Amino acid sequence: TGGIAYISPLVSVCKNAGDRLNFYDYQSTSADFVNAHSRKVNLLICINSIEKYNLAQNFTHLFIDEAAAVFAAVFDDAGTNKHQQKKLVDTLRAAFKAAKSVLIADAGLSDIEVAFFKSLAGNKQINLIETTAKESDKNHWLLKNHSHSHELILRDLNNGKRGIVS
């Protein structure tokens, strides 16, 4: 199986994930290759490069890591203009609607950020994951080793499971 788009806000986050996961890296993978292997390629991709990879057509599952920073990157007036912001939001909205599953991970999302990601999904359920090593009654299944948590979530997605951590 496959077709997971691992979306992050920064190249460094992609590189960090690439050290742990057996995914293609967007900087060394052409859009033509991804299109030719639609829904079979697992790709690490920075938010500002999502347009050229046709997320809605090519990926079955979306995993957005460091979601607050992804939100900030989309709406960063210094780094993106209004036209680029609209294209990023439209690309994400189409991908959310086409995906079988959407997982949003961050150590702490604001209500505005949660509302934004929910608005992209329409009526589709998305899964919000708060990654923290702090013990609580809500995260007793979350592993303290952050790298290992990502590996387990992505393993479950690859095996057709929902990949939910609570």
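Because the structure is predicted, anything quoted here is derived from the model rather than measured.

So, unusual backbone geometry
Okay, step 1: Of note in this structure, Asn54 is not a glycine but carries a positive phi near 45 degrees.
Okay, step 2: What makes Asn54 partly exposed here is its relative accessible area of 31%.
Okay, step 3: Positive phi, normally seen in glycine, also occurs at Glu66, with a value near 50 degrees.

With respect to the sheet that holds strand E3 (residues 43-46)
Okay, step 1: As summarised here, the arrangement of the six strands in space is E2-E3-E1-E4-E5-E6, forming an open sheet in which the pairing is parallel. Only two strands of the sheet have a single partner each, and these edge strands are strand E2 (24-25) and strand E6 (127-130).
Okay, step 2: Alignment of strand E1 (residues 4-8) against strand E4 (residues 61-64), held across four bridges, turns out to be parallel. Within E4, the position partnered with Tyr6 by the bridge is Phe63.

Concerning the pattern of salt bridges
Okay, step 1: In this structure the tally under the stated criterion is three salt bridges.
Okay, step 2: For the salt bridge of Glu51 with Lys87, the shortest nitrogen-to-oxygen distance reads 3.5 Å. With Glu51 in the loop between E3 and helix H3 (55-58) and Lys87 in helix H5 (residues 82-98), the pair connects residues that are 36 residues apart, well separated along the chain.
Okay, step 3: Among the residues examined, Lys87 registers a relative accessible area of 38% and is labelled partly exposed.

Observations regarding helix H4 (residues 67-74)
Okay, step 1: Summarising burial for H4: six of the eight residues are buried, a large majority.
Okay, step 2: Regarding H4, the residues found buried are Ala67, Ala68, Val70, Phe71, Ala73 and Val74.
Okay, step 3: Summarising the contacts, the buried residues of H4 are in contact with E1, E4, H5, strand E5 (101-106) and helix H6 (111-121).

Some thoughts on the packing of aromatic side chains
Okay, step 1: The final tally for this structure, using the stated rule, is seven aromatic pairs.
Okay, step 2: Seen in terms of ring centroids, Tyr24 and Phe33 are 5.1 Å apart; in terms of plane orientation they differ by 55 degrees. Their pairing is tilted.
Okay, step 3: Judged by relative accessible area, which is 40%, Tyr24 ranks as partly exposed.
Okay, step 4: Each residue in the set Phe71, Phe75, Phe96, Phe116 and Phe117 is aromatic and connected to the rest through ring pairs, giving one cluster.

Quick notes on the rules
- The numbers attached to residues start from 1 for each chain and follow its sequence in the written order.
- Selection of residues for local features in this predicted model requires a pLDDT of at least 70, selection of side-chain atom pairs for listing and counting requires 80 or more, and totals for whole chains, interfaces and linings are taken over all residues.
- With hydrogens and water excluded, all non-hydrogen atoms of the structure serve as input to the side-chain values.
- Here the term buried applies to any residue with accessible area under 20% of the maximum for its type, exposed to any over 50%, and partly exposed to those in between, with areas from a 1.4 Å probe on protein chains only.
- Strand pairing is assigned whenever DSSP detects at least two bridges linking the two strands.
- Each helix is a run of DSSP H or I of at least 4 residues and each strand a run of E of at least 2, with the numbering of both proceeding from the N terminus.
- Every case where a carboxyl oxygen of Asp or Glu lies within 4 Å of a side-chain nitrogen of Lys or Arg is listed as a salt bridge.
- Should any heavy atoms of two residues lie within 4.5 Å, those residues are considered in contact.
- Pairing of aromatic side chains requires ring centres within 6.5 Å, counting the rings of Phe and Tyr and the six-membered ring of Trp. Pairs whose planes differ by under 30 degrees are stacked, by over 60 edge-to-face, and all others tilted.

Remember that the coordinates give geometry; whether it matters functionally is a separate question.
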